[in-house]
Amino acid sequence: MRNAFKPAWWLRNPHLQTLWAALLRPKIKLSIRPERLELEDGDFLDLAWVGRGFGPLVLILHGLNGSINSPYARGILQAINNRGWRGVLMHFRGCSGEPNRFAHSYHSGETRDLQAVITELIHREPNSPLFAIGYSLGGNVLLKWLGEIGESDIKNSLKAAVAVSIPFELAKTAEHLKTGFSRLYQWHLLRELSAFHHRKFKVLPKPFAINKVDVTKLKTFWEFDHAITAPLHGFKSADDYYEKSSSRQYLAKIKTPTLILHALNDPFTTLNALPEAHEVSSHVSLELSEHGGHVGFISGGYPWKPVYWLENRIMDYLTSYSCSGKS
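As the structure is a computational prediction, the values presented were derived from the model and not from experiment.

S.K.: Account for the packing of helix α3 (residues 112-124) against helix α4 (residues 137-149), with residues named and values stated.
M.R.: Interhelical geometry of α3 versus α4 gives an angle of 75° and a closest axis separation of 10 Å. In terms of orientation, α3 lies roughly perpendicular with respect to α4. The segment α3 lies against α4, with L114, Q115 and I118 engaging V141, L142, W145 and I149. Classifying every residue of the contact of α3 with α4 gives six nonpolar, one polar and no charged.

S.K.: Outline a nonpolar patch on the surface, listing residues and values.
M.R.: Judged by side-chain polarity, F181, L184 and W187 come together as a nonpolar surface patch covering roughly 320 Å² of accessible area. When you line up the elements, W187 lands in helix α6 (residues 182-203).

S.K.: Explain the sheet that holds strand β3 (residues 57-61) to me, and be specific about the residues and the numbers.
M.R.: Hydrogen bonds between backbone atoms are what pair the strands of a sheet, whose relative direction is either parallel or antiparallel. Read across the open sheet, the eight strands follow the order β1-β2-β4-β3-β5-β6-β7-β8; overall the sheet is mixed. The open sheet has two free edges, formed respectively by β1 (33-38) and β8 (284-289), since each of these has just one partner strand. Between one strand and the next, the sheet's axes are offset by a mean angle of 20°, whatever the strand orientation. Lying over the sheet, helix α2 (residues 71-82) contacts β2 (44-50), β3, β4 (86-90) and β5 (130-135), oriented at roughly 160° with respect to β4. Where α4 meets the sheet, its contacts fall on β3, β5, β6 (160-164) and β7 (258-263), and the angle it forms with β5 comes to roughly 130°.

S.K.: Could you give an account of the nonpolar core, naming the residues involved and the relevant values?
M.R.: Nonpolar side chains in soluble globular proteins tend to end up buried together. Residues L59, L142, L143, L158 and I260 are the most contacted members of the largest nonpolar core, which totals 40 residues. Looking at this core, the elements that each hand over two or more residues are β2, β3, β4, α3, β5, α4, β6 and β8. Ignoring any residue separated from it by four or fewer positions in sequence, one finds L142 in contact with L61, L114, A132, I133, G134, L158, A161 and V162.

S.K.: Help me get a handle on the environment of L24, residues and values and all.
M.R.: Residue placement: L24 occurs in helix α1 (residues 14-24). Each C-alpha atom, one on L24 and one on P71, is 9.1 Å from the other, the two residues being 47 residues apart in sequence.

S.K.: Can you tell me about the packing of aromatic side chains, naming the residues and giving the values?
M.R.: As enumerated under the stated definition, the model contains 14 aromatic pairs in all. Between Y241 and Y242, the aromatic rings sit 5.4 Å apart at their centres with planes inclined by 40°, giving tilted as the arrangement. Since its relative accessible area comes to 4%, Y242 is described here as buried. An aromatic cluster of at least three residues, connected via ring pairs, comprises F5, F297 and W309. One Lys or Arg, R25, reaches over the ring of Y308 and ends 3.6 Å from the middle of that ring. The ring of F44 carries R36 above its face, with NZ or CZ at 3.8 Å from the centroid.

S.K.: Can you explain unusual backbone geometry? Please cite residues and give values.
M.R.: Of note, the phi angle at S136 is positive, near 55°, even though the residue is not glycine. Phi at F297 is positive, roughly 60°, even though this residue is not glycine. Topologically, F297 is positioned in the loop between β8 and β9 (298-299). Of the residues examined, F297 reaches a relative accessible area of 0% and is grouped as buried.

S.K.: Account for helix α8 (residues 238-245), naming residues and giving values.
M.R.: A238, D240, Y241, Y242 and S245 are the residues of α8 that are buried. Looking at the buried side of α8, the elements it contacts are α4, α5 (170-176) and α7 (221-232). Capping the start of α8 is the job of one residue whose side-chain oxygen sits 3.4 Å from the backbone nitrogen of D239: S237.

S.K.: Can you explain the side chain of S299? Please cite residues and give values.
M.R.: Inspection of the secondary structure puts S299 in strand β9. Overall, S299 belongs to the buried group, its relative accessible area being 11%. In this structure S299 touches F5, K6, P7, A8, P306, V307 and W309, once residues within four positions along its chain are discounted.

S.K.: Let's hear about the environment of A163: which residues, and what values?
M.R.: Of note, A163 is situated in strand β6. Sequence-wise, A163 and N140 are 23 residues apart; in three dimensions their C-alpha atoms are separated by 7.6 Å. Not counting chain neighbours up to four residues away, the residues in contact with A163 comprise G134, G139, L143, L259, I260 and L261.

Calculation criteria
Residues numbered from 1 in each chain as written. Predicted model: local features only at pLDDT ≥ 70, side-chain atom pairs only at ≥ 80, totals over all residues. Heavy atoms only, no water. Axes fitted to C-alpha atoms, helices over the stretch in contact; angles between N-to-C directions. Helix = DSSP H or I, 4+ residues; strand = E, 2+ residues; numbered from the N terminus. Parallel < 35°, antiparallel > 145°, perpendicular 65-115°, else oblique. Contact = heavy atoms within 4.5 Å. Nonpolar A, V, L, I, M, F, W, Y, C, P; charged D, E, K, R; others polar. Patch = residues over 30% accessible without salt bridge, like charges linked within 9 Å, V, L, I, M, F, W, Y side chains within 5 Å. Areas by Shrake-Rupley, 256 points an atom, 1.4 Å probe, with all protein chains shown as cover. Salt bridge = Lys/Arg side-chain N within 4 Å of Asp/Glu carboxyl O. Pairing = 2+ DSSP bridges. Core = buried A, V, L, I, M, F, W, Y, C linked by side-chain atoms within 4.5 Å. Buried < 20%, exposed > 50% of the residue type's maximum accessible area, 1.4 Å probe, protein only. Phe/Tyr/Trp six-rings, centres within 6.5 Å; stacked < 30°, edge-to-face > 60°. Lys NZ or Arg CZ within 6 Å of the ring centre and 35° of its normal. Polar contact = N/O pair within 3.5 Å; in protein donor to acceptor, adjacent residues only side chain to side chain.

The analysis is restricted to geometry; functional conclusions fall outside its scope.
Okay, here's the thing in structure tokens:
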């Protein structure tokens, strides 16, 4: 289904949409309350809270190398706060600025930490409406988790969910990022992953499986995932990781009301990675737009007054479930 998004005339190019949203958006000031959540396995997750009171609560999942400082994260948290709701961003392991305690951290298909956070939030506030929003990698994690729980009792834990700019098939995304201008994103993200890896193993011993890997020589996502992600997280190879962690295969099993927002010109993935209509559950609304880039979706008539359409669409969708009693 096509949505109503119309790009700003000065940002019709997918790369301009993507880069403006990531690099040129002014930093939003927020009053953030940090919390460290200790996990049963001895590791921890750092949460970042916005808003107070007892209104609806929205859990945010960031993308690869994201954090509370990601512009899209601060933007949606501001929108949540402006509506009198509360928001909490879950940093994936090691993404808050402090390395996590174990050699493994997070990846596109790791849903156990999301389950732990949702379980904790439900335990604390069983009567508060709970929503979730995932961006890019975080959206893939969210959709996979929603498919995994299916019709189990926990399905009612989320009132509704939103996933944005999803790499539905990880193998196709990794291949696409080796081509054209998209190689710039691959270079940038791999440089950040290399730095993440370096910081972690300055304080932890390298596991035997990756002890001889020179991460600076890994030039593609497939190479990084084959040499680092797969062995650290129990996969046989990058291909095994991609096959088991891609969210596309889980979409038909989702029973929670879910909105997926994706641009057909997203420079991170290809059109043949998009799910067909028969692959998507009746509980899922897949909204596609011709333009929008990757986590962009910026409209408005003037460069000095952009409109961040994405946040308005997300909040309108979640509000419809908060106010109407839909389930």
